[in-house]
Amino acid sequence: MALVSNFRGATGLQTAESIADMYRDAWSRFATGVTVITTVEPSGAVHGMTASSVTSVSLDPPLVLVVIGESRQTHALIESTGRFGMSILDAGQTKIAKHFATPPESRGELAAENLAQLSRTPVIANTIAAMDCKVIAAHKAGDHTVFIGEVQSIQVGEGDPLVWFQRQFGGFADSVSDQNSTSDSE
Ligand SMILES: Cc1cc2nc3c(=O)[nH]c(=O)nc-3n(C[C@H](O)[C@H](O)[C@H](O)COP(=O)(O)O)c2cc1C
């Protein structure tokens, strides 16, 4: 079976280097949605960063988390402002995802019409959902920080999600057979 014969590293000693490579490969196989985390620079300009390491944490109170590398400009901006916006991108927003995944000095301009304001925080316009979050905790973990934000304002739109899988942007395909459907059992 292809899945088993292609499986690497199941036996034998692994070096730190091979674990690092396989760590990236393993996580590239975990399909996620795509968000843009937005903050505000001291000048008042909007700053954004594409992020897939996000998840919901708690419903009461409503908490989310985002995991941000210490070297990212967004990291310092969240630390100084104590807030961030989280925008869940629509399938048609690959260009925006690529823009905010590019190092800030090489990005160029993004048309102002792609930005909107949600309560106290800028967000991306026309997304399938967006949240305004206040940082309530920050946990350093390795070379990243887990920022936990309390959702203080939220909006939900229509549309299909942008998906990130194996280092590529794509869309959601509902190709799973009915046998795997969970709708009747939940
Ligand atoms: C699909 C995708 C998801 C990403 N997710 C994250 C993430 O969750 N955390 C992170 O620190 N960087 C992530 N990145 C990398 C940042 O988007 C990238 O380094 C960006 O240039 C950082 O911008 P900044 O330095 O302006 O904050 C991701 C990149 C891509 C393409």
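Now for a quick tour of the structure. In this text the structure is predicted, and so the values were computed from the model without any measurement.

Moving on, we come to the sheet that holds strand β3 (residues 46-51). Read from one edge of the open sheet, 7 strands run β3-β2-β6-β9-β10-β5-β4, paired in antiparallel fashion. Where the open sheet ends on each side, the last strands, each with one partner, are β3 and β4 (54-58). Direction aside, the axes of adjacent strands within the sheet are offset by 35° on average. In this structure, strand β6 (residues 83-88) lies alongside strand β9 (residues 129-141), joined through 6 bridges in antiparallel fashion. Counterpart to Ser87 in the pairing with β9 is Ala130. Together, β2 (35-40), β3, β5 (63-69), β6, β9 and β10 (144-156) form the strand contacts of helix α3 (residues 73-81), whose direction differs from that of β2 by roughly 55°. The sheet strands contacting helix α4 (residues 94-101) are β2 and β3, and the helix crosses β3 at an angle near 105°.

Counting buried positions along β3 yields 5 of 6 residues, so the element is predominantly enclosed. In this structure, the hairpin formed by β2 and β3 is closed by a connection of 5 residues, where Gly44 is found at a positive phi of approximately 100°.

What follows concerns the site of the ligand. In the vicinity of the ligand lie 17 residues, with Ala51, Ser53, Arg72, Thr74 and Ala101 positioned nearest. Sorting the residues of the shell around the ligand by element identifies β3, β5 and α3 as the ones contributing at least two each.

Quick look at the pairing of β5 now. With 4 bridges joining them, β4 and β5 adopt antiparallel strand pairing. Bridge assignment links Ser58 to a residue of β5, and that residue is Leu63. Counting the residues between successive antiparallel strands, the hairpin from β4 to β5 contains 4 residues.

Turning our attention to unusual backbone geometry. Cis geometry is adopted by the peptide bond preceding Pro61, which originates at Asp60 and carries an omega value of 5°. You can see Pro61 is positioned in the loop between β4 and β5. Phi is positive for Asn126, close to 60°, though the residue is something other than glycine. When you line up the elements, Asn126 lands in the loop between β8 (121-124) and β9. Owing to 17 C-beta atoms within 10 Å, Asn126 belongs among the partly exposed residues under this scheme. Located in the positive-phi region is Arg167, a residue other than glycine, with phi close to 60°.

Conventions and cut-offs
- Counting restarts for each chain, with residues numbered from 1 along the sequence as it is written.
- Under the rules for a predicted model, residues below a pLDDT of 70 receive no local features and side-chain atom pairs below 80 are neither given nor counted, while totals for whole chains, interfaces and linings still include all residues.
- For two strands to count as paired, DSSP must find a minimum of two bridges between them.
- Here a strand is any run of E in DSSP of at least two residues, a helix any run of H or I of at least four, and the numbering for each starts at the N terminus.
- The angle between two axes is taken between their N-to-C directions and runs from 0 to 180 degrees, where each axis is a line fitted to C-alpha atoms and a helix contributes only its stretch in contact.
- Here, residue contact means that the backbone-derived C-beta atoms of the two residues sit within 7 Å.
- Residues with at least 20 neighbouring C-beta atoms inside 10 Å of their own are called buried, those with 12 or fewer are called exposed, and the rest are partly exposed, where every C-beta is derived from the backbone.
- In this analysis, residues qualify as near a molecule or strand once their C-beta atom, positioned from backbone atoms, comes within 6 Å of it.

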